[in-house]
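Here is what each chain is made of, one letter per residue.
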Amino acid sequence: MRRVAFILLTCLVEIIAWAQQPIDEATVNGAKNVLSGTVCREKTNEPIRQASVVVEGTNVSVVTNDDGFFTLKTDNPPEYISVSHLGYQKKRIRVSGEQSGDLMIHLKPTSVELKEVVVWTDDPRDLVNIAISKIPDNYINKPELYKGFYRETAMKQQHYIYVAEGVVDMYKSSYQSSGYRDRVAIRKGRRLLSPKRGDTLSIKVLGGPVFPIQLDIAKNLDFFLNQENLANYNFTMLNPTVINDRLQYVVGLSPRWVTPWALFYGTLYIDRENLAFTRAELSLDMSNKEKATNVMLVKKPLGVKFRPKELTTLIDYRYEDGKTHISYIRNTFRFNCDWKKRLFATSFSAFCEMVITDRTDQDVRPISGRDSFDSRDSFYDKVDYFRDPHFWEDYNIIEPSESLDKAIGKLLKKYK
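Residues numbered from 1 in each chain as written. Predicted model: local features only at pLDDT ≥ 70, side-chain atom pairs only at ≥ 80, totals over all residues. Heavy atoms only, no water.

Trainee: Explain the packing of aromatic side chains to me, and be specific about the residues and the numbers.
Mentor: Overall, the coordinates contain 13 aromatic pairs when judged by the stated rule. Relative to tyrosine 175, the ring of tyrosine 139 lies with its centre 5.1 Å away and its plane at 15°, an arrangement referred to as stacked. Taken as a pair, tyrosine 139 in the loop between α3 (135-138) and β9 (144-156) and tyrosine 175 in the loop between β10 (159-172) and β11 (183-193) lie far apart in primary sequence, 36 residues in all. Tyrosine 175 carries the same exposure label as tyrosine 139, and that label is buried. Each ring, one from tyrosine 162 and one from tyrosine 380, has its centre 6.2 Å from the other, and the planes form 40°; the classification is tilted. Remark: tyrosine 380 occurs in helix α7 (residues 379-382) and tyrosine 162 occurs in strand β10; sequence separation between them is 218 residues. Considered together, tyrosine 162 and tyrosine 380 belong to a single accessibility category, that of buried residues. Members of the aromatic cluster, joined through ring pairs, are Phe149, Phe391, Trp392 and Tyr395. Note that arginine 92 overlies the ring of tyrosine 80, its terminal NZ or CZ placed 3.8 Å from the centroid. In this structure, lysine 188 packs its charged tip against the face of phenylalanine 391, placed 4.3 Å from the ring centre. (Phe/Tyr/Trp six-rings, centres within 6.5 Å; stacked < 30°, edge-to-face > 60°. Helix = DSSP H or I, 4+ residues; strand = E, 2+ residues; numbered from the N terminus. Buried < 20%, exposed > 50% of the residue type's maximum accessible area, 1.4 Å probe, protein only. Lys NZ or Arg CZ within 6 Å of the ring centre and 35° of its normal.)

Put into structure tokens, the structure is as follows:
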């Protein structure tokens, strides 16, 4: 029987139990045009994280960090950028070629009246099935090469103990074919681990640079949208919303009955106009800790008790040029670990995310198996030690939040 866990377990992110030695890194070439700013909610000035920022007329894009901040680097000065997020009105902004920062962008929340939306089926599962049938029409029908930025972090209680990040290439074949040729290659990366012996724990949980391939629900139907798996869920039509100024149907999912494996609670967003999946939010059912552990945990040391708390997944797509493209994915893990003869458990959190920063369909060639990242590989072992402060000078990245930036500085001081 196909199970969600089968696909998830092929993605690994490892919190390593030993500290690394400094390794020299290559220098980065000259700077590009740089544009930065902060995206906030109108009136309240509340930062909006994971807002999409796109350079109009190009495929260059980034997302905001947890502080709502972004930086865009382009070969040529951009004329316009567009900013969008779930539930907000899209904003188009003219920028000068000399603009270097301090943009303050306010997004206005969008309210959608139920009477504006006509749903032509009484069964929301029918809507999901129709959206599945339209995948060959709504997504790319020829190979594309994506450039992305990937980051994984781990925290012990409230302190960062591990950071690794890299620029990757991702080959995506047509959505009308199977995804067995889809691959990811690491082009440049770096890592940092707390040298304090008590901070690290040799535990493997889910994640890794290949997870945008594995968790692409529109391409890899075996992950979630196969009929056998959908039969385990109840479907509910929720209030509609807006993404990128496009009206969205919203379908909620919840476990229908008890199965031998853990199911998810979820929300699917479906574009009203073309019925493409535009977003998915999934949260693993934690009611049975043993089942949740079987999904989340890959490996742990003897004598350690793993207690799962949370596994959530966000999968975002963006509509451009008549097709829908994957744009951002994030996994969040929270768990406790108990040691024998210790009175209290220790809480850990792990995060991994990837944003697509550029894409092309011109002269696209598959990534060779020799160059690709294997799902059994550890990202830690594929990248080098943090050293060069200008490491990402020419690359679009998810800017580190203020708290992460401070944590990196503290970890670097410990090595010095």
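Structure's up, so let's keep going.
Trainee: Explain helix α6 (residues 289-296) to me, using residue names and the numbers behind them.
Mentor: Looking only at α6, the buried set comprises Lys291, Ala292, Thr293, Val295 and Met296. The N-cap residue of α6 is asparagine 288: its side-chain oxygen and the backbone nitrogen of glutamate 290 are 3.1 Å apart. (Polar contact = N/O pair within 3.5 Å; in protein donor to acceptor, adjacent residues only side chain to side chain.)

Trainee: Let's hear about the confidence of the model for the protein: which residues, and what values?
Mentor: For the protein, per-residue confidence averages 85 on the pLDDT scale, and residues scoring 70 or more make up 86% of the total. Looking over the protein, one finds the lowest element-wise mean pLDDT in helix α1 (residues 4-8), namely 36, and the highest in strand β16 (residues 277-284), namely 98. Within the model, pLDDT remains below 50 along residues 1-31, and this stretch shows 108 contacts once partners closer than five positions in the same chain are excluded. (pLDDT = per-residue confidence, 0-100. Contact = heavy atoms within 4.5 Å.)

Trainee: Report on the environment of isoleucine 213, specifying residues and quantitative values.
Mentor: Within the secondary structure, isoleucine 213 sits in helix α4 (residues 211-214). Overall, isoleucine 213 belongs to the buried group, its relative accessible area being 12%. Once the C-alpha coordinates of isoleucine 213 and arginine 183 are considered, the two residues, 30 residues apart in sequence, prove to be 7.4 Å apart. Those residues in contact with isoleucine 213 that sit more than four places away from it in its chain are Met170, Asp182, Arg183, Val184 and Asn220.

Trainee: An account of the pattern of salt bridges is needed here, citing residue identities and associated values.
Mentor: Under the criterion given, the structure shown has 24 salt bridges. Of the charged contacts, one joins lysine 172 and aspartate 182 as a salt bridge, the two residues approaching to 3.7 Å between their closest N and O atoms. You can see lysine 172 sitting in strand β10 and its partner aspartate 182 sitting in the loop between β10 and β11, a full ten residues away along the chain. Comparing lysine 172 with aspartate 182 shows no difference in burial state: the two are buried. Of the charged contacts, one joins lysine 382 and aspartate 377 as a salt bridge, the two residues approaching to 3.8 Å between their closest N and O atoms. On the accessibility criterion, lysine 382 (47% relative accessible area) is partly exposed. Each member of the salt-bridge network shares a partner with another, and the members are Glu144, Arg318, Glu320, Asp321 and Arg359. (Salt bridge = Lys/Arg side-chain N within 4 Å of Asp/Glu carboxyl O.)

Trainee: An account of the sheet that holds strand β20 (residues 346-360) is needed here, citing residue identities and associated values.
Mentor: Here eleven strands make up an open sheet; going across it, the order is β13-β14-β15-β16-β18-β19-β20-β9-β10-β11-β21 and the pairing mixed. Looking along the sheet, the strands with just one partner apiece sit at the ends: β13 (233-243) and β21 (384-385). Sitting on the sheet, helix α2 (residues 124-133) is in contact with β13, β14 (246-255), β15 (264-271) and β16, with an inclination near 70° to β13. Here α6 sits on the sheet in contact with β16, β18 (304-320) and β19 (323-339), set at roughly 60° to β18. (Pairing = 2+ DSSP bridges. Axes fitted to C-alpha atoms, helices over the stretch in contact; angles between N-to-C directions.)

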